[in-house]
Amino acid sequence: LEIRFPWKLELSFPWFGMDIGGTLVKLVYFEPKDITAEEEQEEVENLKSIRRYLTSNTAYGKTGVRDVHLELKNLTMCGRTGNLHFIRFPTQAMHRFIQMGSDKNFSSLHTTLCATGGGAYKFENDFRTMADLELLKLDELDCLIHGLLYVDSVSFNGHPQCYYLENPSDTQNSVKTPCSLADPFPMLLVNIGSGVSILAVYSKDDYKRVTGTSLGGGTFLGLCCLLTGCETFEEALDMASRGDSSNVDKLVKDIYGGDYERFSLQGSAVASSFGHMMSKEKRDSISKEDLARAMLVTITNNIGSIARMCAVNEKIERVVFVGNFLRINTVSTKLLAYAMDFWSKGQLKALFLEHEGYFGAVGALLELLKSSEEP
Amino acid sequence: MDKSITLPPNEIFRNLENAKRFAIDIGGSLTKLAYYSTVQHKVAKVRSFDHTAKDDPLYEISMQEEILARLHFIKFENAYIETCLDFIKDHLVNTDTKVIKATGGGAHKFKDLIEKKLKLRVDKEDEMTCLIKGCNFVLRNIPHEAFVYVKHADSEFRFQNTHPDIFPYLLINIGSGVSIIKVESEDTFERVGGSSIGGGTFWGLGALLTKTKRFDELLQLASKGQHTSVDMLVKDIYGGSYVSLGLTGDLIASSFGKSATADKEFSKEDMAKSLLHMISNDIGQLACLYARLHNLTRVYFGGFFIRGHPVTMHTITYSINFFTKGEVQALFLRHEGYLGTIGAFLKGAEEDNPNQYSWGENYAGSSGLMSTSPDLNPMQRARSGTFDMLEMDRLERQLVNLPLLQDPSSYIPDTVDLSEDALAREYWLYCFEEALDGVVKRAVASQPDLPEAAERAEKFRHKYLHKLQTLRHQPFAYGSLTVRSLLDTREHCLNEFNFPDPYSKIKQRENDMALKYFQKAVKSLEELSWEQRQFALVRGLLAGNVFDWGAKAVSDVLESDPEFGFEQAKRQLEGMKALGPPHKCALFFVDNSGIDIILGVFPFVRELLCRGTEVVLASNSSPALNDVTNNELQILTERIAAMDPVIQSAVKEDRLTLVQSGSSSPCLDLSRLDKVLAGVVRERHTDLVIIEGMGRAIHTNYYALLSCESLKMAVIKNSWLADRLGGKLFSVVFKYEVKDVKTG
């Protein structure tokens, strides 16, 4: 016999956490796998249909994607066991998403929709007027940190969530090596989305936003689109993987013939990003792939440089990079690992997490579950 | 581009005949050439006669040739290099120079051309070392070198006081990339960091995005664009501001963030603007991170990205303000473009020990800030306008701070900054223009034996008038515009055309005349009671000061105007006496020749001496208006000593000392005074400073705070200024200040 305390109300399904960013909406969905027959009978039809729609597809509409490889299996949350699904779609499709919520009569399910990210504010009114839904708006940095710590703590289906690159100084041969984030504080958390936020995190609830930069993933993609005519992040990264940035960037050796010894700068270091593009001949001889690569290298190195300075100023040695800019982006992870190691002479360590950009959404979901625990 | 130009030679490569020690800095688009030359220069000398017949003048005035060391720096577009080298080759007469110091990215490219044309060996110097050396030099020698840029202010350029200790500082050099250099002393500096996102990134990416080739044109585009159509702002994500973090809605969240999703064409202007913001913000952010890490607050920006471009100065300033919340100010330099060539030149001139001397900007020969900016100076887009010049004179004396300044780092000599006060500026520019006829006449009259003086004087008129016109449009050309800088510019222009001392004869006549009354004046003063005498002395001092040239007919007013202010002056003087024992030593900055110095100052000095106070009389090193020079004062003192045993014994016992101020201005900059004077002031434990005259006590130093008692006195001989200060024409300024205002 299960005793249900009156103050611990059963939290009704569906359980969602949503992070509405500048470019992407990240959605996590908890699919209960321990539904009793009785429950199944009581379950309303549209709830069933939502579950079926989300779990039986890996793509939604033209632009929605479920990252199947990230799915967390057999997770116990709030006393229930199930799978956690990770779904993303462009923020541009937000109105279509809200419309769908309205079509599926989502509001009849009496669930709270926990949302974080700027879009929680921007689209709040649209949710209300279009779909009769009230959002529980949550701070994005709180969600990010809580989500990150939670996801790390539950492990990635038995494997570590966190990894670093062994041998970072040799970007050709650096090896992804799992590690533990057991004692995470203090850490410098660098969240690279459309823009970049850098946080110094001292404990679960003690953190500060050190700084941020507008040169982020949105800048990489935006400039790539303008320069190469590409349309998606995947396309841009694919081009970048095939390009050579030294045709675009001016290196130290292009200016000094070799190393600049007076200041111990290596000849291969970039002296001026896009510096070769000042010359018309070079502009005419360049490939789109080279431009995409240079863009990626420029943005990544700049983030690395700012992150490193913040780490030094804040006296923090562990730098954790997250955010969807790092998705399928080994070029950047390698560069960041290299930059942290090289410029700090081995003092700083770059860490990465498998669920890159989903921590905010998880953090939002955790808030939903927390609300059920409170009297 | 027209490369076969005919240069107006004498106006650009001046004094080439004696040029030696060349240096060249060739950048991506501009070449900066430096050379050292000696200038033949007429100076007025006075010499005492051995014995005087009754009607002979007091002393003899002669014009002598003197050699002056001058540094020339010329900046021009790379397109003119060959023409310029040819010109130099043709005009370089007997020089024993064998080497030209070279720096900058283009030095390599033009090496062969330079060696072939000039027959000089090109000796390359490290770019960064030159930059720092040049930066130290301008910061040390040019007051108002650094400024902050305020876009929408009445005066966009706010010039900074040069801190007596220029170190440590951070120099952010934004060339094609960015170098961040920490400078701790003349020879210690370190490249602490850098970034590859710099001017080259703006140029390169800008060219790709807008198909616009030239850097200047890209900036033009940027200044017309709206970045908000391209950038993703906080409000694009949040719908408003991100309140809990205090991020406003207009803040850029993601540069170019909208261009990834919006299916539309962006204008060139908007993209250029977005790019400019992206790069400026990024550099500003890094600069702040480095400033914080090294705990530095003085951060100078230079490099071609900045050079004279209001747009980039504005965006960098904005970024620095944002990231440091106003704790750090972005500083720019007036002669930023010359740093490399100045440094290279100094490297080559090390055996001459140029850093042992003080140098002064010559306003007559220097073009001033923004002289080649097409935005500000559309008229100067003519050929000669593409040449910018800086000339620095080696000063005879090494200049230092007056040790008695209360806070040297906050001392501002000038009372009114005309660059920030449009009304005052209008008025004074008008005054100086009005007075020009008289100055020309006097200059001609001072050289009656030289028939070409009239022609030279016309050239002077033309040059000074042109300077005044330039200053009307660009009040910031030589740092803060002040009455002092207007006066100094006039002196520089007069010297330029060999009118070293237009007042020499007038001064001679007046000194002569006043000397005849000295004994009588002293005698009548001695007959007075103590209290009456103090009154009469002050009255005499102030009355004497009215006898400034051109204000002669004022003595009647002095006598008759009951509101003249003597009573107040007298009360203050009594207060001063009541404070305690006589002063140990008084430093007296004197003003005019003639009645002022002889019948006003000397009796006052005599009284001080009698009270047991030592006196140091500081007078100008070189002529300015009718101010008494150190040379003249020496002769006058000898004459007075011969008549007056009090003065005689004081001179003999070294209780009355004459020093030169190191200045040749009718005004006074207490932060640039002769090193010897500073030494004497310290040795004598000077505890009273007296500053006399409009130029020294009102136009400058009216608000100066000293660490000892001070007396500033003058008669306002200008109705506009009297009005400004809330008084009447010929009002008396008699300002007695003790060290700590609260206890006084």
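Cut-offs used in this document
- Residues numbered from 1 in each chain as written.
- Chains lettered and ligands numbered in written order.
- Predicted model: local features only at pLDDT ≥ 70, side-chain atom pairs only at ≥ 80, totals over all residues.
- Heavy atoms only, no water.
- Contact = heavy atoms within 4.5 Å.
- Buried area = accessible area lost by both parts, 1.4 Å probe.
- Polar contact = N/O pair within 3.5 Å; in protein donor to acceptor, adjacent residues only side chain to side chain.
- Helix = DSSP H or I, 4+ residues; strand = E, 2+ residues; numbered from the N terminus.
- Nonpolar A, V, L, I, M, F, W, Y, C, P; charged D, E, K, R; others polar.
- Buried < 20%, exposed > 50% of the residue type's maximum accessible area, 1.4 Å probe, protein only.
- Pairing = 2+ DSSP bridges.
- Axes fitted to C-alpha atoms, helices over the stretch in contact; angles between N-to-C directions.
- Parallel < 35°, antiparallel > 145°, perpendicular 65-115°, else oblique.
- Left-handed = near helix turned anticlockwise from the far one by under 90°.
- pLDDT = per-residue confidence, 0-100.
- Arc of directions from axis to C-beta.
- Phe/Tyr/Trp six-rings, centres within 6.5 Å; stacked < 30°, edge-to-face > 60°.
- Lys NZ or Arg CZ within 6 Å of the ring centre and 35° of its normal.
- Salt bridge = Lys/Arg side-chain N within 4 Å of Asp/Glu carboxyl O.
- Disulfide = S-S within 2.5 Å.

A. Quick look at the interface of chain A and chain B. Taken together, the 55 residues of chain A in the interface contact 49 residues of chain B. Roughly 4,300 Å² of surface becomes buried between chain A and chain B when both sides are summed, with 64% attributable to carbon and sulfur atoms. Scanning the region where chain A abuts chain B turns up 19 residue pairs in polar contact (both at pLDDT 80 or more). At eleven residues, the largest contribution of residues to the side of chain A that touches chain B is made by helix α11 (residues 288-314) of chain A. Residues that form the side of chain A that touches chain B fall into these classes: 24 nonpolar, 23 polar and eight charged.

B. Representation of the environment of A:Leu351 in the model. Residue and element names in this part refer to chain A. In this structure, leucine 351 sits in strand β17 (residues 349-353). Owing to a relative accessible area of 5%, leucine 351 belongs among the buried residues under this scheme. Spatially, the C-alpha atom of leucine 351 lies 7.8 Å from that of alanine 337, the residues being 14 residues apart in sequence. Apart from residues lying up to four places away in sequence, leucine 351 is in contact with Cys162, Tyr163, Tyr164, Cys179, Leu181, Arg318, Val319, Val320 and Phe321.

C. Expanded view of the pairing of strand β20 (residues 656-660) of chain B. Residues and elements named next belong to chain B. Summarising burial for β20: four of the five residues are buried, a large majority. Here five bridges tie strand β19 (residues 614-619) to β20, and the two strands are oriented parallel to one another. In the strand pairing of β20, valine 616 is matched with threonine 657.

D. Structural view of the packing of helix α7 (residues 217-228) of chain A against α11(A). Residue and element names in this part refer to chain A. Across the interface, α7 lies against α11 with an axial gap of 10 Å and an inter-helix angle of 160 degrees. On the basis of their axis angle, the class for α7 and α11 is roughly antiparallel. The handedness of the crossing between α7 and α11 is right-handed. Counted together, Thr219, Phe220, Leu223, Cys224, Leu227 and Thr228 of α7 and Lys288, Leu291, Ala292, Met295, Leu296 and Ile299 of α11 form the full contact between these two elements. Here the residues of the contact of α7 with α11 are counted per class, giving nine nonpolar, two polar and one charged.

E. Focus on the pairing of strand β13 (residues 207-213) of chain A. Residue and element names in this part refer to chain A. Across six bridges, the pairing between strand β12 (residues 196-201) and β13 is antiparallel. Residue pairing across strands places serine 197 opposite glycine 212, the latter belonging to β13. Where β12 folds back onto β13 in an antiparallel hairpin, the turn is made up of five residues.

F. Seen up close, unusual backbone geometry. In this structure, the amide linkage connecting A:Phe185 to the following residue, A:Pro186, adopts the cis form with an omega of -10 degrees. Positionally, A:Pro186 belongs in the loop between β10 (175-179) and β11 (187-192). Here the bond from B:Phe167 into B:Pro168 is cis, since omega is -10 degrees, no more than 30 degrees from zero. In this fold, B:Pro168 is placed in the loop between β7 (157-159) and β8 (169-174). Unlike most non-glycine residues, A:Asn157 shows phi in positive territory, near 50 degrees. Looking at the secondary structure, you find A:Asn157 in the loop between α6 (140-154) and β9 (162-166). Residue class for A:Asn157 comes out partly exposed when judged on its relative accessible area of 35%. One non-glycine residue, B:His685, lies in positive phi territory at about 55 degrees. Within the element layout of this structure, B:His685 appears in the loop between α22 (675-683) and β22 (688-692).

G. Just the sheet that holds β19(B), in detail. Residue and element names in this part refer to chain B. Strand order in the open sheet made by the six strands is β20-β19-β18-β22-β23-β24, with mixed pairing throughout. A single partner strand is all that each edge strand has here, and the edge strands are β20 and β24 (732-737). The sheet shows a mean angle of 15 degrees between the axes of neighbouring strands, taken without regard to direction. With five bridges connecting them, strand β18 (residues 585-589) and β19 associate as parallel partners. Across the sheet, alanine 586 pairs through a bridge with valine 615, a residue of β19.

H. Layout of the confidence of the model for chain B. All names here are of chain B. Averaged over every residue, the pLDDT of chain B is 87; residues scoring 70 or more account for 90%. Within chain B, no element has a lower average pLDDT than helix α17 (residues 555-560), which sits at 42, and none a higher one than β19, at 98. Across residues 374-385, confidence stays below pLDDT 50; counting only partners more than four residues off in sequence or on other chains, it has 19 contacts. With pLDDT under 50 throughout, residues 549-564 is counted as low confidence; its partners more than four residues away or in other chains account for 23 contacts. The ipTM value of the predicted complex is 0.95, and its pTM value is 0.91.

I. Quick peek at helix α6 (residues 215-224) of chain B. All names here are of chain B. Of the residues making up α6, those classed as buried are Phe215, Leu218, Leu219, Leu221 and Ala222. Relative to the axis of α6, the buried residues are bounded by an arc of 160 degrees and lie together on one face. Among the structural elements, α5 (199-210), α8 (268-293) and α9 (310-324) are those in contact with the buried residues of α6.

J. Local environment of the packing of aromatic side chains. Residues and elements named next belong to chain B. Considering all chains together, one arrives at 48 aromatic pairs over all chains under this definition. Between phenylalanine 147 and phenylalanine 157, the ring centres sit 5.1 Å apart and the planes meet at 70 degrees, which makes this aromatic pair edge-to-face. Placement of the pair is phenylalanine 147 in strand β6 (residues 146-149) and phenylalanine 157 in strand β7, with a sequence separation of ten residues. For the residue pair phenylalanine 147 and phenylalanine 157, the accessibility class agrees, reading buried in each case. Feature note: the residues Phe147, Tyr149, Phe157, Phe159, Phe301, Phe332 and Phe476 constitute an aromatic cluster, connected by ring pairs. Over the aromatic face of phenylalanine 499 sits the side chain of arginine 456, whose NZ or CZ is 4.7 Å from the ring centroid.

K. Structural view of the side chain of B:His583. Residue and element names in this part refer to chain B. Looking at the secondary structure, you find histidine 583 in the loop between α18 (566-578) and β18. Look at histidine 583 and you get buried, because its relative accessible area is 8%. Within polar-contact distance, the side chain of histidine 583 engages the side chain of glutamate 709 at 2.8 Å.

L. Structural context of the environment of B:Gly28. Inspection of the secondary structure assignment puts B:Gly28 in the loop between β1 (20-26) and β2 (30-48). When the C-alpha atoms of B:Gly28 and B:Ala107 are compared, they prove to be 9.9 Å apart, with 79 residues separating the residues in sequence.

M. The pattern of salt bridges, seen in detail. A full pass over the atoms with the stated rule returns 61 salt bridges over all chains. Here A:Glu45 ties to A:Arg52 by a salt bridge, and the two come within 3.9 Å at their closest N and O atoms. Note on A:Glu45: relative accessible area 51%, which makes it exposed. For the salt bridge of B:Asp669 with B:Arg484, the shortest nitrogen-to-oxygen distance reads 3.6 Å. On the criterion of sequence distance, the pair formed by B:Asp669 in the loop between β20 and β21 (673-674) and B:Arg484 in helix α14 (residues 483-496) is long-range, its members being 185 residues apart. One network of salt bridges, with partners in common, ties together B:Arg14, B:Arg70, B:Glu391, B:Asp393 and B:Glu496.

N. Structural view of the state of the cysteines. Residue and element names in this part refer to chain B. Overall, the coordinates contain zero disulfides over all chains when judged by the stated rule. Cysteine cysteine 493 is unpaired, with the sulfur of cysteine 667 as its nearest cysteine sulfur at 16 Å. With relative accessibility at 0%, the residue cysteine 493 sits in the buried group.

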